[in-house]
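# A structural walkthrough
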Amino acid sequence: MNPFDLFGSLVEKIDLGVIVLDSDLCVQRWNSFIAQRSGKDLTQALGRRFLDVFPEAGSPRFERMVELARGQARHIYNHWLETPPLVHLMHADNDKNGFLQSTLFFLFETPDGESHFALVMYDTSAVARSNEQLEAALSALRKKQDEQDQLLRKLETANSQLLQSEKLAAIGQLAAGVAHEINNPIGYVNSNLKTLGGYVRDMLRIINAMDGAANLDELRQLKANLEYDYIREDAEALIAESEDGIDRVKRIIGALKDFSHIEEEEFRPADLHRGLDTTLNVVNNELKYKAEVVKEYGELPDIECIPSQINQVVMNLLVNAAHAIEQFGRITLRTACDGDWAWIEVEDTGQGIDPKLLNRIYEPFFTTKPVGKGTGLGLALSYSIVQKHHGRIEVHSELGKGTRFRVWLPVVQPTALGQKD
Ligand SMILES: Nc1ncnc2c1ncn2[C@@H]1O[C@H](COP(=O)(O)OP(=O)(O)OP(=O)(O)O)[C@@H](O)[C@H]1O
Ligand SMILES: [Mg+2]
């Protein structure tokens, strides 16, 4: 078969409209797609101007296509979505509304050197329809995404509010503990003062009697009656005890001051041991009925940290340790330095953590404590604090035996190292 006939048969069968125009835009040929969809007869159109056969195609846009195709020998692609299509062609199922047209318009040369225009048209309704569906799906997705973003933002706010309230709860708990701690010494200092007041009155009576006393025997008798020897001894003991009590109160208040640099956000070199002692003083009330606290401090340089935050981490670990002990146990607080790193360890002889739950303990709100007892934020908060310090937390736990948390902190913060270089 002649190769041109081969292509001719193909063009007749293909699901594309093909119109060939000569260089004066007169119709030379079209295929059966055009014949069927336009309802026009090729024999009547042959040699006639394209715009006379399809007057609807006359538009500045078409003129521009011709201009570009002729002048720059380019293939001009057009998609007739918003505007009426180039020519009226019916849809395959005789839908009078026609179809969405895409057109390709270009100049080509025949073997004998004559220039012709080709207008190729195809139906993109199906593509457009699936495009529309895609667009709809996309916009639904975007809407979902927006909703999720909003939800996330709400969660973040709620989370930070909760962290805030967790801090407040911790402070409340702390305040209650401190009140209890202070109450005891204040109580006995107060009662000592009352007793001492009585003693002073008795002694004043003895001193006053000295002026009017007839002889020493009378005075001796008064001293004996008022139990002067006992008063002297007891007064000394009461004063010593009261001084001790006031010292304790002073220590607690000092610790509290150290501990409560809540606003403090600056990294600074700090003595970790001092922080640990402070924290122990503050949570002593929670610990003393549950455990003997053993300190095994190593040698530590000053550690660059936000001391109040590290105190908070240690407090969480200590309180957790005390909670894990059912009756009475031991809590060991250890420290050491290993090269550029320091670590603090809190070990308890409590119930241990189920290995299945071990990877969940840092999750916010994860708690195994009864409702109202634990918020499940202690370790989450500690984790984020340690992360902020470029450190890490390790945990080792055995059910029934106990748990050991180790907090690693760099001696010098990496950013500060960078600045020093
Ligand atoms: N030393 C420990 N021994 C045994 N289990 C522990 C220990 N420390 C933490 N856990 C487990 O990890 C869980 C989470 O601890 P986390 O401190 O985050 O929350 P919480 O103590 O339950 O509540 P919160 O500290 O907010 O009052 C605890 O409920 C407990 O199951
Ligand atoms: Mg806790």
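Here the structure is a predicted model, which is why all the values come from computation and not from measurement. Counting starts from 1 at the beginning of each chain's written sequence and moves along it residue by residue. Each chain gets a letter, beginning with A, and each ligand a number, beginning with 1, in the order they are written. For this predicted model, a pLDDT threshold of at least 70 governs which residues receive local features, and a threshold of 80 or more governs which side-chain atom pairs are given and counted, while totals over whole chains, interfaces and linings are taken from all residues. The basis for every side-chain value is the complete set of heavy atoms in the structure, and neither hydrogens nor water enter the calculation.

## Notes on the pattern of salt bridges
- By definition, a salt bridge exists where a carboxyl oxygen of Asp or Glu is found within 4 Å of a side-chain nitrogen of Lys or Arg. Inspection of every chain in the model, using the stated rule, returns 15 salt bridges.
- Measuring nitrogen to oxygen at the nearest pair gives 4.0 Å for the salt bridge that ties Glu-147 to Lys-144. On the criterion of helical spacing, the pair formed by Glu-147 and Lys-144 is a turn pair, its members being 3 residues apart in helix H6 (residues 125–212).
- One salt bridge connects Glu-345 with Arg-334, and the closest N-O pair in it is separated by 2.5 Å. Here Glu-345 is found in strand E10 (residues 341–348), whereas its partner Arg-334 is found in strand E9 (residues 329–338), with 11 residues between them in sequence.
- Note on exposure labels: buried denotes an accessible area under 20% of the residue type's maximum, exposed denotes more than 50%, and partly exposed covers the range between, all computed with a 1.4 Å probe on protein chains only. Judged by relative accessible area, Glu-345 falls into the buried class, the value being 2%.
- Connected through shared salt-bridge partners, Glu-296, Arg-334, Glu-345, Glu-347, Arg-404 and Arg-406 make up one network. Helical segments are the DSSP runs of H or I of at least four residues, strand segments are the runs of E of at least two, and each set is numbered from the N terminus.

## Describing helix H9 (residues 272–287)
- Maximal helix bending in H9 amounts to about 40°, located at Asn-281.
- Of the positions making up H9, those classed as buried are Leu-272, His-273, Gly-275, Leu-276, Thr-278, Thr-279, Leu-280, Val-282, Val-283, Asn-285 and Leu-287.
- For H9, the N-terminal capping position is held by Asp-271, with its side-chain oxygen 3.1 Å away from the main-chain nitrogen of His-273. One axis is fitted to the seven residues ending at the residue and one to the seven starting there. The bend at that residue is the angle between these axes. Counted as a polar contact is a pair of N or O atoms within 3.5 Å, where, for protein atoms, one must be capable of donating a hydrogen and the other of accepting one, and residues adjacent in sequence contribute only when both atoms are in side chains.

## Some words on the sheet that holds strand E12 (residues 402–410)
- Pairing in this open sheet of 5 strands is mixed, and the strands run E7-E9-E10-E12-E11 from one edge to the other. Two strands in the sheet have a free side with no partner beyond their single neighbour: strand E7 (291–296) and strand E11 (392–398). If you compare each strand with its neighbour and ignore which way they point, the axes differ by 15° on average.
- For E7 and E9, the ladder comprises 6 bridges, and the chain directions are parallel. In the sheet register, Glu-292 faces E9, and the bridge partner there is Arg-330.
- The strands that helix H11 (residues 378–388) touches are E11 and E12; relative to E11, the one it contacts most, it runs at about 140°. At least two bridges found by DSSP between two strands is the condition for calling them paired. To define axes, lines are fitted to C-alpha atoms, for helices over the stretch in contact only, and angles between the resulting N-to-C directions are given on a 0 to 180 degree scale. Here a residue-residue contact requires only that any non-hydrogen atoms of the pair lie within 4.5 Å.

## Section: the site of ligand 1
- Close contacts around ligand 1 come from 20 residues, with Thr-367, Thr-368, Lys-369, Thr-375 and Leu-379 the closest.
- Thr-403 places a polar side-chain atom, nitrogen or oxygen, 3.4 Å from a nitrogen atom of ligand 1.
- Using the Shrake-Rupley algorithm and a 1.4 Å probe, accessible areas are obtained, with residue cover drawn only from the displayed protein chains. About the coverage of ligand 1: the protein hides 91% of its 600 Å² of free accessible area.
- Of all elements in the fold, only helix H10 (307–324), H11 and E12 reach the threshold of two or more residues within the shell around ligand 1.
- Top element by residues in the shell around ligand 1 is H10. It accounts for 3 residues. One heavy atom suffices: a residue is near a molecule or strand as soon as one of its heavy atoms comes within 4 Å of it.

## A look at the packing of H10 against H11
- Viewed as axis vectors pointing N to C, H10 and H11 meet at an angle of 145°, and their least axial separation amounts to 9 Å. Read as a crossing pair, H10 and H11 show a hand that is left-handed. Along the contact surface, H10 presents Gln-309, Gln-312, Val-313, Asn-316, Leu-317 and Asn-320, while H11 presents Gly-378, Leu-379, Leu-381, Ser-382, Ile-385, Val-386 and Lys-388.
- Note on residue categories: nonpolar means Ala, Val, Leu, Ile, Met, Phe, Trp, Tyr, Cys or Pro, charged means Asp, Glu, Lys or Arg, and polar means any other residue, Gly included. The residue makeup of the contact of H10 with H11, split by class, is 6 nonpolar, 6 polar and 1 charged. The crossing is said to be left-handed when, going from far helix to near helix, the turn is anticlockwise and less than a right angle, and right-handed when the turn is clockwise.

## Some remarks on the environment of Leu-46
- Relative to the elements of secondary structure, Leu-46 occurs in the loop between helix H3 (42–45) and helix H4 (50–53).
- For Leu-46, a relative accessible area of 44% puts it in the partly exposed group.
- Taking C-alpha positions, Leu-46 is 5.6 Å from Gln-28, a pair spaced 18 residues apart along the chain.
- Once residues lying within four places of it in the same chain are set aside, the contact partners of Leu-46 are Val-27, Gln-28 and Arg-29.

## Describing the pairing of E9
- With 7 of its 10 residues buried, E9 lies for the most part within the structure.
- Where E9 lies against E10, 8 bridges are found, and the strand directions are antiparallel. In the strand pairing of E10, Ala-336 is matched with Trp-343.
- Between E9 and E10, which pair antiparallel in sequence order, lie 2 residues; one of them, Gly-339, sits at a positive phi of approximately 65°.

## Topic: the sheet that holds strand E1 (residues 17–22)
- Taking strand neighbours across the sheet as the criterion, the 5 strands line up as E2-E1-E5-E4-E3 in an open arrangement whose pairing is antiparallel. Each end of this open sheet is capped by a strand with a single partner; those strands are strand E2 (27–30) and strand E3 (76–80). For this sheet the average axis-to-axis angle between neighbouring strands, irrespective of direction, equals 20°.
- Sheet topology note: the E3/strand E4 (residues 101–109) ladder contains 5 bridges and is antiparallel. Each bridged residue has a counterpart across the sheet, and for Ile-76 the counterpart in E4 is Phe-105.

## Here's the deal with a nonpolar patch on the surface
- Exposure above 30% relative accessible area and the lack of any salt bridge qualify a residue for a patch; like charges then connect within 9 Å, and the nonpolar side chains Val, Leu, Ile, Met, Phe, Trp and Tyr within 5 Å. Taken together, Val-200, Leu-204, Ile-207 and Met-210 make up a surface patch of nonpolar side chains, about 370 Å² in accessible area.
- Mapping Leu-204 onto the fold places it in helix H6.

## Examining the pairing of E2
- Two elements, E1 and E2, share 3 bridges in a ladder whose sense is antiparallel. The residue of E2 that forms the bridge with Ile-19 is Trp-30.
- With antiparallel pairing between neighbouring strands as the criterion, E1 and E2 make up a hairpin whose turn holds 4 residues, including Leu-25 at a positive phi of roughly 65°.

## A closer look at a negative patch on the surface
- On the surface, a cluster of negative charge is made up of Glu-241, Glu-243, Asp-244 and Asp-247.
- For Asp-244, the location among the structural elements is in helix H8 (residues 228–259). Asp and Glu are treated as the negative residues and Lys and Arg as the positive ones, with His and the ends of the chain left uncounted. By convention, the point assigned to a charge is CZ for Arg, NZ for Lys, CD for Glu and CG for Asp.

## Focus on the confidence of the model for the protein
- Looking at any residue, its pLDDT shows the predictor's confidence there, from 0 to 100. On average, residues of the protein score 86 in pLDDT, and 89% of them are at 70 or above.
- Element-level pLDDT for the protein is lowest in helix H12 (residues 414–420), with a mean of 57, against a maximum mean of 98 in E10.

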